Amino acid sequence: MTSRKRIGIGVVGFGWMGQAHSRSYLRIPTLFPERTYDPELVIISDNVQERVDDAVASFGFREGCTDWDEVIHHDDVDVVSICAPNMLHEPLAIAAAEAGKHVFCEKPVGGTPEQTVRIEAAARAAGIITGVGYNYRWAPLVQYAKQLIDSGELGEISNYRGRFFSMYGSDPMGLLSWRFMLDEAGHGVSSDILSHSIDLAHMLVGPIDKVVGTGHTFIPERPLPKAGGTHYDRGQPGDPTGSVENEDYFGAMVVFENGARGVFESSRSIVGPESQCAFEVYGTKGALRWNLETMNQLDLFLVDSPARGYTRVYGGERYPYHGNFVPGDANAIGYEDLKTIEDFEFLSSVAAGRRHVPGFAEAIDYVSVQQALLTSWKSERWESVTRLAPR
Ligand SMILES: NC(=O)c1ccc[n+]([C@@H]2O[C@H](COP(=O)([O-])OP(=O)(O)OC[C@H]3O[C@@H](n4cnc5c(N)ncnc54)[C@H](O)[C@@H]3O)[C@@H](O)[C@H]2O)c1
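In short, a report on the structure. (Residues numbered from 1 in each chain as written. Predicted model: local features only at pLDDT ≥ 70, side-chain atom pairs only at ≥ 80, totals over all residues. Heavy atoms only, no water.)

1. As for the nonpolar core
The nonpolar side chains of a soluble globular protein tend to be buried, and buried together.
Then step 1. Ranked by size, the top nonpolar core spans 113 residues in total, and within it Tyr160, Phe279 and Trp290 carry the most contacts.
Then step 2. If one sorts the elements of this core by residue count, helix α11 (residues 360–379) sits on top with nine residues. (Core = buried A, V, L, I, M, F, W, Y, C linked by side-chain atoms within 4.5 Å. Buried < 20%, exposed > 50% of the residue type's maximum accessible area, 1.4 Å probe, protein only. Helix = DSSP H or I, 4+ residues; strand = E, 2+ residues; numbered from the N terminus.)

2. Regarding the site of the ligand
Then step 1. Around the ligand there are 29 residues in total, and Asp46, Arg51, Asn86, Asn135 and Arg179 lie nearest to it.
Then step 2. For the ligand, an oxygen atom lies 3.1 Å from a polar atom in the side chain of histidine 89.
Then step 3. Measuring from a nitrogen atom of the ligand, one finds a side-chain N or O atom of asparagine 135 at 2.6 Å.
Then step 4. Within the complex, 88% of the 850 Å² of free accessible area of the ligand lies under protein.
Then step 5. Those elements that place two or more of their residues in the shell around the ligand are α1 (16–31) and α10 (335–352).
Then step 6. Among the residues making up the shell around the ligand, the classes are represented as 14 nonpolar, nine polar and six charged.
Then step 7. Viewed by domain, the shell around the ligand spans two of them, domain 1 (5–134) and domain 2 (140–294 + 296–333), each represented by three or more residues. (Near = heavy atom within 4 Å. Polar contact = N/O pair within 3.5 Å; in protein donor to acceptor, adjacent residues only side chain to side chain. Areas by Shrake-Rupley, 256 points an atom, 1.4 Å probe, with all protein chains shown as cover. Nonpolar A, V, L, I, M, F, W, Y, C, P; charged D, E, K, R; others polar. Domains from an automatic or database assignment.)

3. Some thoughts on the sheet that holds strand β1 (residues 5–12)
Then step 1. With parallel pairing, six strands are arranged side by side in an open sheet as β3-β2-β1-β4-β5-β6. Edge positions in the sheet fall to β3 (63–65) and β6 (130–132), since each has one partner strand and no second. For this sheet the average axis-to-axis angle between neighbouring strands, irrespective of direction, equals 25 degrees.
Then step 2. Where helix α2 (residues 49–59) meets the sheet, it contacts β2 (37–45) and β3, and its direction lies at approximately 150 degrees from that of β2.
Then step 3. Against the sheet, α10 contacts β1, β2, β4 (79–82), β5 (102–105) and β6, and its axis sits at roughly 105 degrees relative to β2. (Pairing = 2+ DSSP bridges. Axes fitted to C-alpha atoms, helices over the stretch in contact; angles between N-to-C directions. Contact = heavy atoms within 4.5 Å.)

4. Overview of the pattern of salt bridges
Then step 1. All told, the structure shown has 26 salt bridges when counted by the stated rule.
Then step 2. Of the charged contacts in the structure, one is a salt bridge between lysine 146 and aspartate 150, with a shortest N-O distance of 2.9 Å. Of this pair, lysine 146 and aspartate 150 both sit in helix α6 (residues 140–150), four residues apart, which is roughly one turn of the helix.
Then step 3. The class for lysine 146 is partly exposed, based on a relative accessible area of 24%.
Then step 4. Owing to a relative accessible area of 52%, aspartate 150 belongs among the exposed residues under this scheme.
Then step 5. A salt bridge links arginine 387 to aspartate 365, with the nearest nitrogen and oxygen atoms 2.9 Å apart. With arginine 387 in the segment after β17 (383–384) and aspartate 365 in helix α11, this residue pair connects regions lying 22 residues apart in the sequence.
Then step 6. Using a relative accessible area of 18% as the deciding quantity, one classes aspartate 365 as buried. (Salt bridge = Lys/Arg side-chain N within 4 Å of Asp/Glu carboxyl O.)

Below is the structure:
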């Protein structure tokens with residue numbers, strides 16, 4: 001039997017993402033026999049004591065605490081997994097970097113481009129390995145799409161359409177949770193879900209050179225949150241309300257460095273598409289399209305194919321990672337499987353001591369575009385993308 005390195009994990013925040021990553025760390029040994037390490041759930045922190053207790057009792061964390069500083073300075077922790085609300089990412093990531101821990105941070109790394117720049121600088125100075133939760137990169141059919149594009153099957157890429165439409169903010173009775181506050185979340189959809197769309201475009205087509213964009217807040221007031229509630233709770237008509245401080249919508253046109261043209265749209269308050277992180281890529285020899293809502297399908301059009309038209313490709317074990325979860329063809333995998341691939345790959349980079357992609361450098365790629373978009377929203381003009389930190 002090969003001896004595997006032990007990687008001690010400390011998680012901060014035990015909501016949706018904290019639980020998803022913790023399940024992933026637990027599942028990696030059962031799904032990835034090729035791994036070179038074994039993750040160990042050392043310590044969990046959440047400011048809600050019941051969540052800490054649940055993490056220890058149900059997930060098997062060795063220790064739990066409500067003060068995240070204990071996670072950062074725990075001797076047995078090698079990797080800090082930041083799954084807390086956005087406003088904590090900067091203090092957490094900088095403290096963890098200064099303590100010499102490797103950091104996986106949920107997106108957005110910073111709520112604003114300025115925060116992301118400070119976080120990336122601290123990580124670079126500390127020489128730690130960083131990872132970011134741009135999980136849609138890891139979908140097996142997205143990986144296959146990248147292989148097709150990189151191998152030239154689609155020819156020269158001329159057009160890209162990316163969108164992330166979600167209904168999580170579509171109910172005006174949805175509470176004014178941290179996601180709607182500038183000092184807690186940072187910007188709105190441009191920090192939150194547009195970051196996924198642009199990150200996918202960066203991976204598939206390459207860097208973006210210039211942008212023009214506009215944002216909007218469609219639901220400017222929401223019921224105030226109640227103590228102990230979650231992001232998914234609803235208020236009642238007549239409840240006291242507060243102002244939404246960041247944008248519900250962002251739309252943009254872009255020019256890629258390779259000359260391709262792109263359009264992006266992102267909304268959290270739209271009605272209809274429930275979690276539509278989707279893209280279409282058009283090249284001189286073919287085209288493809290993928291949508292998270294049907295993540296086990298990719299539609300592929302090849303000009304030279306005798307059967308003219310889009311062909312539906314179903315996910316299966318012949319595509320990257322799929323066979324780690326389920327054998328055969330067209331047996332579906334799910335959302336949390338992407339988080340598990342993400343964690344498997346990040347911990348593989350940590351075990352090997354190599355830079356990880358996507359890491360904080362890729363987050364800088366994104367916020368450089370975001371900064372240009374925010375500037376364009378104000379100036380109502382095309383703006384060039386200037387990288388906000390050295391590569
Ligand atoms: N990659 C993705 O697809 C994806 C999806 C959802 C969320 N996210 C990101 O993950 C992060 C967390 O989002 P979520 O949906 O899990 O939120 P959530 O509200 O479900 O969970 C956040 C948790 O952090 C805890 N917390 C708050 N303050 C804390 C503190 N001081 N110390 C320790 N814990 C504290 C809360 O009690 C809660 O349990 C955000 O940055 C979000 O943008 C990423």
